[in-house]
Structure formats: structure tokens, C-alpha cells
Amino acid sequence: MSVVTFSGTRWPGLLRPYQLTALKALDDGWAAGRRRAWVVLPPGSGKTLVGLEAARRLGRRTVVFVPNTAIQSQWAAHWKEYGGQAGITRDLRADVSVLTYQSLAVFDADAESDEEGHERGLLRRLHDNGRELIAALRSAGPVTLVLDECHHLLDVWGRLLAEVLDQLPDALVIGLTATPPASLTPEEAKLVDALFGVPILGASVPALVRQGHLAPFTELAWLTRPTAVEADYIAGEAHRFAELTTDLLEPGFATVAFLEWLDARLVGRSASTGKPVDWNRIAGDEPAVAAAALRFHYAGMLELPPGARLREEHRRPPTAEDWVALLGDYVRHCLLPSADPRDTDAVEAVKRALPAVGYQLTKRGIRSAQSPVDRVLARSAAKTHGAVEIAAVEAAALGDRLRCLVLCDHERAGATLPARLRDVLDAEAGSAWLMLQNLVADPRTRSLHPMLVTGRTVAASEETARSFAGAELTVEPAGDGLALITGSWSSRTWVPKVTAFFEAGRCQVLVGTRALLGEGWDARGVNTLIDLTTATTPTSVVQTRGRAVRLDPDWPEKTASTWTVVCVTDRHPKGTADWRRFARKHHGYLVATPDGEIVSGVAHVDPSFSPYAPPPVESFDALNAAMLTRAQDRPATRAAWRLGSPFRDELVHTVRVRTDRTAGIVATRDRPGPPEVVPAERCAQPAPTSWTGGPGDPVETMWFAGGAAALASSVALVGMDPKVPLHLAEVLAALLAVVVLGWAVTVRIPQNRAARRLDELSEGPSAELFAYAVADGLAFAGLSRRGAEGVTIRLEPDGTYRFALADVDTASSERFATALDEVLSPIADPRYVVPRYVIRNRTGHDRQRRARAWLRDRAEADAVVYHAVPSVFGQNRTRTEAFVRAWNTWVSGGSAVYAASPQGAGVLATHRGEDPFAATTLLRVAWD
């Protein structure tokens, strides 16, 4: 019974190259004695076929476990295409049996512990049905277990599986998932390694889109504000917390004022030795407190702590979470230990106000609680209205081709609304049922015949329900123009029927829950996805987005739009909670931007978006209009992915710089396609510079290498551009001019050029030169195979400059981005600093005098600005010297100064926290 041949079974189509690669890796693993494998492939890439083909090749009795009945039916259907017949019962009599995880993990609630109260193992807690299935697996002999969507094993099922496999030592196990290993927590990664070993990685989503195996898609956002009723409620809640924050800033609020406590705790904090506590230690031990302190500094309420540095995430007003983080520290260490009546009253004031932002004060400190404001934002009626608007506009653009999927967290609002929200939210707020009601009520979307399908319910308008039901099923009116479709069926049968009805276009908008349709469900026609869910884990995001990227044989040019509806208010300190969920959904998820760059994070939705704060609410209407315009231009979305073009399938770390110092930056402006590689030589005119010494010493010496450089300088004497190609006659004329005009020309003209060069120097170096210095430093130190010649620069639509190091590995690109960010940012607590000497602009006679001195190698610097030596170069002397060598070439003369030396301590005392470049830097991740 244990060995089968699968005779006559064969996949009728062709397997794709990445599927064959995964299968070969599996075959090689079995041949090497491996017994378990974890295969990672994106949604829509054919994981089911890989699992079935791997099982067919092994020739063993196969048992497939899946998350729900919808996916169970799809596996059975695929095996039928192979020419086989899959079983769906626990007797395992079929060569291939497809079961749900729930069929195994049915626990007996009364068996959690034995008579003495000791916790039992999971196998001993299984219900009789679960134990019978384990017995059937053992008696089936050597089997192949295929675990679909096996990220579900990272909870209790994973512990159960470990115990099951101990009972099946001869089993071969194949886990299939779309969850990237990098997104796993340390505990999850440890469990995966214990159960499966090293994952077999398939191609990424961008790679499969670029190769034409997945449909191109774009990510869009519909930004909305709460309804008037919701906004009034939120404003009332905000008032309670605003009273507290106002009182907190009053000097007499407690025996020790709040800001006074923060200053002593975070700015002037000292160790027992009397030395200041290192900021990196504070940030490592208390990251939430440290981040909140820096946002308080940005808001002008706190001095910058020594050694701290503001990053993008800190340049925002404090959030409710920031107030609570610092309040928690204040209450726990200052107010609660005190017996003073003023401090007791202060504690009571804090206790009364915290529920307004979703927190409670307990004996152990401040604890998170359910936030009514967060609930209002997550389930706002405005989000349902936004989804209707999206569906209507997409229908107008796509016509009969529209296949729209709307995903919600739940079918019905399961919990009763709190009393204070009953007049604020609909009882069904946020549910799939209310979404269907709104779609049927709007005449623009009623004609799209929307339907609802969940694990318990199939519903539609009465007209659509009758069209779907025919004579076999029953239509039961449910009020508000809706009807339930009932009969002798279950979700195992009704999901395929509804899917076929949807694919045929008889229903153009399908509303469902994430649990049923959000993963594994296969409908190739989906070309518009509206995400109303609150799930933000990488697994849920990848799975949800995967519903829209499958290729559609009926529309070879299919391009999909994925919408997230976000509700934001600026009238409450927790009014950005939904935006933060939106940012978490997009973190690490790679999508093509309109200009063709493939990046992770909310920037691929709009380049102006930041993960740390939403745009101003007054900009929402304009942003939504722009999103709708993009959605209707599907050819542009398709073009942005540059289908068929080569790629490396690697991550590239970039840094975006926003600064007024743009003079001299060479960038790819208004050019489609990949950014231009800017050779360092193009910015070395009139020539590379060598800086030496400090203030009072020579600051620049021009040098010319060989006859070509000498000729170029001669041509420049008569006003010709040395970068323009020369004809022979022009060269002869230039040489003749030098001879005829004599000494006066050869002195005066270089003096004018020197004066112009001093004007350039007085403006300070552009960010481009810092990028070249960092890149060359990495190359000199052996940390990158490319230096300045590999730097790419692109002008973004929002006016920022994007810098990256091209054609290097991911680690090198990350080093470059991090180092450039550090060297352009205010000095925090570096190991070394490096000077940049400054020449201020002069006029008249003094300007000409400075020019003559520059030509004689005797020009003097007016001031010095210090920059941090990036940490990657501060690790040892060799690396530091490599960076200084590059710095001297591109930016300034001078040597690195050790921060712990007397000179370095003086530099930090006067320069720490100062912004040496007046730039804002943003770190991003792209794909190449």
C-alpha cells in the first residue's frame, strides 16, 4: 500500500524555468539524503504544480495539507488535470489525499493537562478524529507530506507537526510558502530550520513580473477622512488627552516637571562614574523612549541629547505613542515612587486621560488597551464609501473586463459595539456584509452584480442571487435589497461555483474575507484588488497582493491595480494609526513606481509618501485624483515594469538627498529607464583637486596629467570649453593665440579662471562629491568592487536626488547608502571626524588677490566644518585612511581626527548636533 506509481499521470502543460529549478533542488536534496524541504515561491507562480510534480516524481502515497476548503478544491482540481483523482477523506485510500490542517489539529479542550495538572503534549491532546488520522498516516507506510501555505505552521501547528513527524520517520516532507525567509522572526526562523533546514528560494515577485510569469501591477492608495459624526467623536477624545499634555508642560504639574525630568533623564544623564551615558546604549536599551525623545527635540520641547542624530523617522511631531513612552518613564520612575500629594494627583490625571489614546495605567505601568479611536479609523464608513468610489471608477475604465476583489477582515461585525461607539459606527462597520450593502445601494456599482462569499455565506442583490441560483438553490431575501443563496452545499462546492460565475463576468465585484479568499484562492481574472483589511504581517501582505497578479489567458495584456483604503485625521494624536498600518503593509514589498524604479515601502505608491507620517489632509483630494488617473493608465503601469529587460534580482540600497546645494550635480533628468551611471571623470573639470593642511595653509593645487590636459588648458585660455571635441584648425588657432598674445594672456586668463573656480568653491561641494568620496573610500578599503565610477544619480519627481552604487552586491550598496547618510548628517557620536575647509566668496580687489594666491598655491581657507567619518570606515586604521584618501580627492584636504583625543573631544564639544551640509536624507531599498 505504501508505494504507488502514479501511472498515466502527467502535467499537460510546460513547467516554467523557475519551477524546474525548484524541482531540481528538491531532487538533489532527496539524493543527498535530505528528508524535508521548505520551498519559497511567490503567489501565482505555480507552487501547487511544483508540489504535485515533486510528489509524482517521488512515487509515494501523498497527503497534502492546506489551510481551507477553497484551496483543498483547487489542489484536487489540479491533480485531476494530471489525470489522477484526489481523495478528500481521512482514510487516505487515494494515491493523493488533500486535507485541511484543521482535520489534523482538532484538540480536546478537556485534555490540556493530566490528573496532576501537568501539560500534555499536543499529540496526547488531539481529538479522536485527529488521532485516527495520525494512525492512518503511520499505516500508509512511507509517505510524502506536502504542506501548502506552510507559514501556518509557525504557530501551534508547527509544534504539532514536529510531534507528528517524530511518528513518521520515513516521511518525505515538502513545505510550500510565499513568505520570504527574511520576514520571519528569529523564533520562526529557528522553527523553520529545525523542521525543514535551509529554504529553497525561488525567484522574487519583480523577477517573475519582469520575465512575464506574473502580471504587472501597481499599488495605489485612497486617502480619506472620518465622516462628520466620526470626526466629532474623535475630536472629543482628543480634547481629553490635549488637556493632559497641556498640564504636563506646566511647571507646577508635579514636584518635578515633566520636561525637567526628561532633560535630566535623557539629555544630562550620567552614569555612576559621572560620565555621560552613551546615547547608543540608551537607544539600544529603550528604543521607544529614545525615538520619542528625538521627536520631542524636533518639536522644540527638548535639547538634542549628546550623541543622538535625527533621522527621517524623527523629523515628525510627537505621536500619542511618543507621549505615552515618555509618560510611562516619568510615571514609573518619578511620580509613583513619590508620596507627595501633587504627584498623586498627577498620577490620577494621567490615569483619566490615557484611555482616550488606547492605554491604561496599571500598577506595573502604562499598558496598551483597545483604542476606540483606532477602531473608528479602521472601520470608518468613509473607507467603505471610498471602496465604492474605486470600484465605480475602475468599472468606467475597464468596462466588461473589470474583475474586482474587495477583501475585508470579517463577514459580520462579531463583537457588540461599546456603548460610546453605538452612535458613531454602524453595527456592521468594517464588515464584508456592509460592503456588499453599499455596493448594491450605489447605482454605479449595482450594475456590476456584486456578490459576497465567505466560509459561511453566499449573498448578492436579489436580482443577482436569482441569476446565480437557478433552479438548484434557494434565494432568501435578507433586507436592504440583499438575498442569501442557500441549498445543500458547503464552502467546498460553493467557492468554485462563485469563482466561475465571477470569472465569466456575470459578477464583476466579489466581496470576501481575507481568511477565505486572501490566500491560495485562484481566480486569474482579478485585475483590481481593494484591501480593507487590518493585517500587516509580511505573510498576509504577500498573500493578499498575490490574488491580483496571476496571468489571465483571456487578457494577455492584463495589468492589475491594488488599492489600500486609509483613514486619517489630524484632530487626534492617534489619528495616524491607519497610516502606520498602511506603511507596515508596504515595508519590504517591491513594486514598480511610475518612473520605472522598483522600490519597497510607501514611496512606490507616491514618491512624496513617508512611512512615518501621512501627507496633509488637505492634499487628500488631489492625491486621490492622481491615483485614479494612474489606475486608468494601465499601459503606463505595464511599461514601468520594463518587461523582458535584464535584471540581477538583487536589492539595492539607496539614499535620497533633499538639499539646496544642487549646483554641479549631474543627474538623469526626465529620462525614462534606468538611471545613468555618472563617471567620476565628468565632475573632475577643470581637474581633480588635492587639499592639504588646515586654515592658513594652501587649499588647492591644480594639476594636469600629460599633453592632453596641457592642451585643454591652453584651449581654455582663449575661452574655449575643454570638454568640447576640437578640430585641428581650432587646436592650431589656440596654440597660435598663446604664442601671439604672450605672457599677458597666459597670466590674466588663468587668473580669471581661478577666480571663477573660487566662486564655485565658496558655494561648497555638492552632495555628488560626497557620494564619490564614499564610493571611492569603499573601493580603496576593499569593501566594494566599484568606486566613484559606479555612483548613479537620479532627480526624483519630488525634487530629491537619489544616489546609489550600481552593479555591486547588496551588502556593498547598503554600505554605500548608510555611509553617505552618515557623512551628510549632523555629527552624533562618531569614532573619527574629518574636516572640510571652506572658502568664502569675496568681491573686487580681494577676489583677484585670492585668485592670484590660489594660482601660487598659497590660497587660505576661511573656516572649517567637520563631518563624521562613516562608521564602516572607523572600524580600523586601514579603512579610515582609505576614506581620507578619497575625501582629499573629492571634497577637502585634512586628516581624520580621533574623537577620543583631546582635539577630537574639542571638535565634538563644538560641532556635535550641528548639520554640516543642511540636507535631509532618506534611506530606501530598491530592486535591480
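Residues numbered from 1 in each chain as written. Predicted model: local features only at pLDDT ≥ 70, side-chain atom pairs only at ≥ 80, totals over all residues. Heavy atoms only, no water.

## Focus: the overall build of the chain
Thought 1: A tally of regular secondary structure across the chain gives 32 helices and 26 strands.
Thought 2: A burial count over the chain gives 55% of its 928 residues as buried.
Thought 3: If you take every contact in the chain between residues at least 6 apart in sequence, the share linking residues at least 24 apart comes to 75%.
Thought 4: If you sum the accessible surface of the chain, you get close to 39500 Å²; carbon and sulfur atoms cover 52% of it. (Helix = DSSP H or I, 4+ residues; strand = E, 2+ residues; numbered from the N terminus. Buried < 20%, exposed > 50% of the residue type's maximum accessible area, 1.4 Å probe, protein only. Contact = heavy atoms within 4.5 Å. Areas by Shrake-Rupley, 256 points an atom, 1.4 Å probe, with all protein chains shown as cover.)

## Topic: helix α14 (residues 341-353)
Thought 1: For α14, with 13 residues, the first-to-last C-alpha span of 19 Å sits near the 18 Å given by 1.5 Å per residue.
Thought 2: Listed as buried for α14 are Asp343, Ala346, Val347, Ala349, Val350 and Ala353. Along the long axis of α14, the arc covered by the buried residues comes to 160 degrees, so they all point the same way. Away from its buried face, by an angle of more than 90 degrees, α14 presents the exposed residues Pro341, Asp345 and Arg352.
Thought 3: Where α14 is buried, its residues meet α9 (228-248), α13 (320-335) and β8 (359-362).
Thought 4: Two or three places before Arg342, at the opening of α14, Asp340 has a side-chain oxygen 2.8 Å from that residue's backbone nitrogen. (Expected span 1.5 Å × (residues − 1). Arc of directions from axis to C-beta. Polar contact = N/O pair within 3.5 Å; in protein donor to acceptor, adjacent residues only side chain to side chain.)

## Describing the packing of aromatic side chains
Thought 1: The tally for this structure, following the rule as stated, stands at 22 aromatic pairs.
Thought 2: Look at Tyr772 and Trp890: their rings are 5.0 Å apart centre to centre, the planes differ by 55 degrees, and that puts the pair in the tilted class. On the criterion of sequence distance, the pair formed by Tyr772 in helix α28 (residues 767-780) and Trp890 in helix α31 (residues 877-890) is long-range, its members being 118 residues apart. Trp890 carries the same exposure label as Tyr772, and that label is buried.
Thought 3: The rings of Phe258, Phe296, Trp323 and Tyr330 are connected pair by pair, giving a single aromatic cluster.
Thought 4: Between Arg412 and the ring centre of Trp433, over which it is positioned, the NZ or CZ distance is 4.0 Å.
Thought 5: Between the NZ or CZ atom of Arg885 and the centre of the ring of Phe780, over which it lies, the distance is 3.7 Å. (Phe/Tyr/Trp six-rings, centres within 6.5 Å; stacked < 30°, edge-to-face > 60°. Lys NZ or Arg CZ within 6 Å of the ring centre and 35° of its normal.)

## Side note on the pattern of salt bridges
Thought 1: Within this structure, the stated rule accounts for 41 salt bridges.
Thought 2: In this structure, Glu312 engages Arg924 in a salt bridge whose closest nitrogen and oxygen atoms are separated by 2.9 Å. One end of the pair, Glu312, is in the loop between α12 (287-298) and α13; the other, Arg924, is in strand β26 (residues 920-927), with 612 residues separating them in the sequence.
Thought 3: A salt bridge links Glu462 to Arg466; the nearest nitrogen and oxygen atoms lie 3.7 Å apart. (Salt bridge = Lys/Arg side-chain N within 4 Å of Asp/Glu carboxyl O.)

## Quick word on the sheet that holds strand β16 (residues 528-531)
Thought 1: Taken together, 9 strands build an open sheet; the order of strands is β7-β17-β16-β10-β15-β11-β12-β14-β13 and the sheet is mixed. At either margin of the open sheet sits one strand with a lone partner, and together these are β7 (217-224) and β13 (474-479). Averaged over all neighbouring strand pairs, the angle between strand axes comes to 25 degrees, with direction disregarded.
Thought 2: With 3 bridges joining them, strand β11 (residues 451-453) and strand β15 (residues 509-513) adopt parallel strand pairing. Among the inter-strand pairings, Val453 is bridged to a residue of β15, identified as Gly512.
Thought 3: Across the face of the sheet, helix α20 (residues 491-503) comes into contact with β10 (404-408), β11, β12 (458-461) and β15 while running at roughly 150 degrees to β11.
Thought 4: The strands touched by helix α23 (residues 577-586) within the sheet are β7, β16 and β17 (560-567), with β17 carrying the most contacts at an inclination of about 150 degrees. (Pairing = 2+ DSSP bridges. Axes fitted to C-alpha atoms, helices over the stretch in contact; angles between N-to-C directions.)

## Side note on the sheet that holds strand β21 (residues 791-795)
Thought 1: The strand order across the open sheet formed by 6 strands is β18-β19-β26-β20-β22-β21, and the pairing between neighbours is antiparallel. The sheet is open, and its two edges are formed by β18 (590-592) and β21, each paired on a single side. With direction set aside, neighbouring strand axes in the sheet form an average angle of 35 degrees.
Thought 2: Of the pairings in the sheet, the one linking β18 to strand β19 (residues 598-600) comprises 3 bridges and is antiparallel in character. Bridging from a neighbouring strand, Leu590 pairs with Ser600 of β19.
Thought 3: Along the sheet, helix α29 (residues 810-824) contacts β20 (651-658), β21, β22 (801-805) and β26; its crossing angle with β20, the most-contacted strand, is approximately 20 degrees.

## Considerations on the environment of His239
Thought 1: Inspection of the secondary structure assignment puts His239 in helix α9.
Thought 2: When the C-alpha atoms of His239 and Ala356 are compared, they prove to be 8.8 Å apart, with 117 residues separating the residues in sequence.
Thought 3: Within the local environment of His239, its side chain forms a polar contact with the side chain of Glu243, the two groups lying 2.9 Å apart.

## Here we look at the side chain of Ser540
Thought 1: For Ser540, the location among the structural elements is in helix α22 (residues 538-545).
Thought 2: At 2.8 Å, the side chain of Ser540 forms a polar contact with the backbone oxygen of Thr537.
Thought 3: Those residues in contact with Ser540 that sit more than four places away from it in its chain are Arg514 and Ala535.

## Some details on the side chain of Thr654
Thought 1: Checked against the element boundaries, Thr654 lands in strand β20.
Thought 2: Here Arg656 takes part through its side chain, which lies 2.9 Å from a polar atom of the side chain of Thr654.

## Section: the confidence of the model for the chain
Thought 1: Taken over all residues, the pLDDT of the chain has a mean of 82, while the share at 70 or more is 82%.
Thought 2: Per-residue pLDDT stays below 50 along residues 107-120; that stretch engages in 22 contacts with residues further than four places along the chain or on separate chains.
Thought 3: Every residue in residues 854-858 scores below 50 in pLDDT, and together they form 13 contacts with partners more than four places removed in sequence or on other chains. (pLDDT = per-residue confidence, 0-100.)

## Some details on the packing of helix α2 (residues 47-58) against helix α3 (residues 69-82)
Thought 1: At a closest axis distance of 11 Å, the pairing of α2 and α3 adopts a crossing angle of 55 degrees. Judged by the inter-axis angle, α2 sits oblique to α3. As for how α2 packs across α3, the hand of that crossing is right-handed. Facing α2, whose interface residues are Thr48, Leu49, Gly51, Leu52, Glu53 and Arg56, α3 presents Trp75, His78, Trp79 and Tyr82.
Thought 2: Residue composition of the contact of α2 with α3, grouped by class: 5 nonpolar, 3 polar and 2 charged. (Parallel < 35°, antiparallel > 145°, perpendicular 65-115°, else oblique. Left-handed = near helix turned anticlockwise from the far one by under 90°. Nonpolar A, V, L, I, M, F, W, Y, C, P; charged D, E, K, R; others polar.)

## What to know about the pairing of β22
Thought 1: Most of β22 is tucked away, with 5 of its 5 residues classed as buried.
Thought 2: In β22, alternate side chains face the same way, and those of Tyr801, Phe803 and Leu805 on one face and Arg802 and Ala804 on the other are all buried.
Thought 3: Note that β20 and β22 share 4 bridges and pair antiparallel. Bridged to Val657 within β22 is Tyr801.
Thought 4: The pairing of β21 with β22 spans 5 bridges and is antiparallel. Across the sheet, residue Val791 finds its bridge partner in β22, namely Leu805.
Thought 5: Turn length for the β21-β22 hairpin, with the two strands adjacent in sequence and antiparallel, is 5 residues, and the turn residue Gly799 shows positive phi of about 90 degrees.

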